[in-house]
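Commentary on secondary and tertiary structure
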Amino acid sequence: MTTLTGHLSEMFCSLQGEGLFVGERQVFVRTAGCAATCSWCDTVYSKVLTPRFVTHTNDGSDKRWRPNPVAVADAVADAAAFAHTHRVESVSITGGEPLEQAAFVAELARGLRAGGLRIHLETAGLHGEALRAVIDHVDVIAMDIKLPSATGVEHWDAHRRFLETIRTNPDPARVVFVKVVVDLAAGVDEIERAARLVAEFDEHIALIIQPESEALFGRTTTREKSRALLDRVDAGARSAAAHLDTVRVIPQTHKVLHVR
């Protein structure tokens, strides 16, 4: 029997910096490979498959390189060891795009969950069919909605299929929330359309509006750009709140704290 393998980019332990679980210490397993074309992507290095991946401490003081592809059993053992060492109870499987390796990620999540760990799936929300293989093995789904202004492509139909997969595979214990990154190119109409799309499926799903970090507090921004972005985000949040029960504005807090 062939051993199931997958490609990773990195593995580490840090504070969750985005979404509803901000501040929770987690093990991060970052898969490699992503076909999305987000203009503001801050993990470009994880978009391609590489011959090796790195496990490391958050401050980078201890790096260990491992070959790709990696056997799922080895990835489970590595992540479980991180969780034990750092005394954490949850693992965030992120990317890249985890659902581009759905079979591998399903077995990874299954193995970690069997060890008592809570599994967070962070995904672009573009692979509804692939989600079917994974959904029963995760406790949290953090779904992105990719705005056309950021990708140059309209993904509304793919997002709708993704939400339909969630709706047709219900689990009252599963937490689902949607995240939208907003930059200065984003329109309030796009943000409201994202909110309406989520509301079609469940108005109780929380929408997290995330100001794009470089424009908000990056080295190249200006006070004027930052203010304009916050005004855009505020207007978008107000529009979205007409359709959803919970709309929150949460920046990338790990960048404020200068952690990975």
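**Notes on the overall build of the protein**
Each helix and strand in the protein was counted, giving nine helices and 12 strands. Over its C-alpha atoms the protein spans a radius of gyration of 18 Å, differing by no more than 12% from the 18 Å that the globule rule assigns to 260 residues. By principal-axis analysis of the C-alpha atoms, the protein measures approximately 50 × 45 × 30 Å. Per-residue burial for the protein yields a buried fraction of 53% across its 260 residues. Long-range contacts, defined here as pairs at least 24 residues apart, represent 72% of the contacts in the protein between residues at least 6 apart.

**Here's the deal with the nonpolar core**
In this structure, Val27, Leu108, Ile141 and Ile145 are the most contacted members of the largest nonpolar core, which totals 61 residues. When sequence neighbours within four positions are dropped, the list of residues in contact with Ile141 reads Leu121, Thr123, Leu131, Ile135, Phe162, Ile166, Arg174, Val175, Val176 and Phe177. Of all hydrophobic cores here, the second largest spans nine residues; its members include Cys34, Cys38, Trp40 and Ala124.

**Some remarks on a nonpolar patch on the surface**
A cluster of nonpolar residues, Phe217, Val256 and Leu257, forms a patch on the protein surface that exposes about 270 Å² of accessible area. Note on placement: Val256 falls in helix α9 (residues 253–257).

**Quick notes on the packing of aromatic side chains**
For the structure on display, the rule yields two aromatic pairs. Seen in terms of ring centroids, Phe12 and Phe28 are 5.2 Å apart; in terms of plane orientation they differ by 10°. Their pairing is stacked. Here Phe12 is found in strand β2 (residues 8–15), whereas its partner Phe28 is found in strand β3 (residues 25–31), with 16 residues between them in sequence. Grouping residues by exposure puts Phe12 and Phe28 together as buried. A cation over an aromatic ring shows up here: Arg52 above the ring of Trp65, its NZ or CZ 3.9 Å from the ring centre.

**Focus on the pattern of salt bridges**
As enumerated under the stated definition, the model contains 15 salt bridges in all. For Asp78, the salt bridge is made with Arg66, and the minimal N-O distance between the two is 2.2 Å. Taken together, the positions of Asp78 in helix α1 (residues 72–86) and Arg66 in strand β5 (residues 63–67) put the pair 12 residues apart, joining distant regions of the chain. On the basis of relative accessibility, which here comes to 19%, the residue Asp78 falls in the buried class.

**Overview of the layout of surface pockets**
Reported here for the largest pocket is a volume of approximately 960 Å³. Glu18, Arg30, Asp42, Thr43 and Gln252 are, among the 44 residues lining the largest pocket, the residues nearest its centre. Of the residues that constitute the lining of the largest pocket, the class distribution is 15 nonpolar, 15 polar and 14 charged. Looking at the second largest pocket, its volume works out to about 310 Å³. Along its surface, the second largest pocket is lined by 14 residues, and Ile166, Arg174, Val176, Asp202 and Ile205 are the ones closest to its centre. The set of elements that each furnish at least two residues to the lining of the second largest pocket consists of α5 (156–167) and β10 (175–182). Counting residues per element, the lining of the second largest pocket draws most heavily on α5, which supplies three residues. Each residue belonging to the lining of the second largest pocket can be placed in one class, and the counts come to nine nonpolar, one polar and four charged.

**Considerations on the environment of Glu190**
Note on placement: Glu190 falls in helix α6 (residues 188–201). Taking the relative accessible area as the measure of exposure, Glu190 reaches 12% and is therefore buried. As for Glu190 and Ala102, which are separated by 88 residues in sequence, their C-alpha atoms are 29 Å apart. In contact with Glu190, other than residues within four places in its own chain, are Leu147, Pro148, Ser149, Trp156 and Ala185.

**Points about empty space enclosed by the protein**
Counting across every chain of the model gives one cavity of 30 Å³ or more. In this structure, the largest cavity encloses a volume near 60 Å³. Lining the largest cavity are Gln16, Glu18, Gly19, Phe21, His120, Glu122, Val140, Ala142, Phe177 and Lys179. Contributing elements (two or more residues each) for the lining of the largest cavity: β8 (118–123), β9 (140–144) and β10. Split into classes, the residues belonging to the lining of the largest cavity amount to four nonpolar, three polar and three charged.

**Examining the pairing of β3**
The buried fraction of β3 is high, at six of seven residues. With seven bridges joining them, β2 and β3 adopt antiparallel strand pairing. Note on β3: the bridge partner recorded for Glu10 is Arg30. Note that β3 and strand β7 (residues 90–94) share four bridges and pair parallel. Across the sheet, Phe28 pairs through a bridge with Ser92, a residue of β7.

Calculation notes
Residues numbered from 1 in each chain as written. Predicted model: local features only at pLDDT ≥ 70, side-chain atom pairs only at ≥ 80, totals over all residues. Heavy atoms only, no water. Helix = DSSP H or I, 4+ residues; strand = E, 2+ residues; numbered from the N terminus. Rg over C-alpha atoms; globule rule 2.2 N^0.38 Å. Buried < 20%, exposed > 50% of the residue type's maximum accessible area, 1.4 Å probe, protein only. Contact = heavy atoms within 4.5 Å. Core = buried A, V, L, I, M, F, W, Y, C linked by side-chain atoms within 4.5 Å. Patch = residues over 30% accessible without salt bridge, like charges linked within 9 Å, V, L, I, M, F, W, Y side chains within 5 Å. Areas by Shrake-Rupley, 256 points an atom, 1.4 Å probe, with all protein chains shown as cover. Salt bridge = Lys/Arg side-chain N within 4 Å of Asp/Glu carboxyl O. Phe/Tyr/Trp six-rings, centres within 6.5 Å; stacked < 30°, edge-to-face > 60°. Lys NZ or Arg CZ within 6 Å of the ring centre and 35° of its normal. 1 Å grid on protein atoms, 1.4 Å probe; cavity = no way out; pocket = protein on both sides within 12 Å on 5 of 7 lines; lining within 4 Å. Points joined across faces, edges and corners; volume = space filled by probe spheres on them. Nonpolar A, V, L, I, M, F, W, Y, C, P; charged D, E, K, R; others polar. Pairing = 2+ DSSP bridges.

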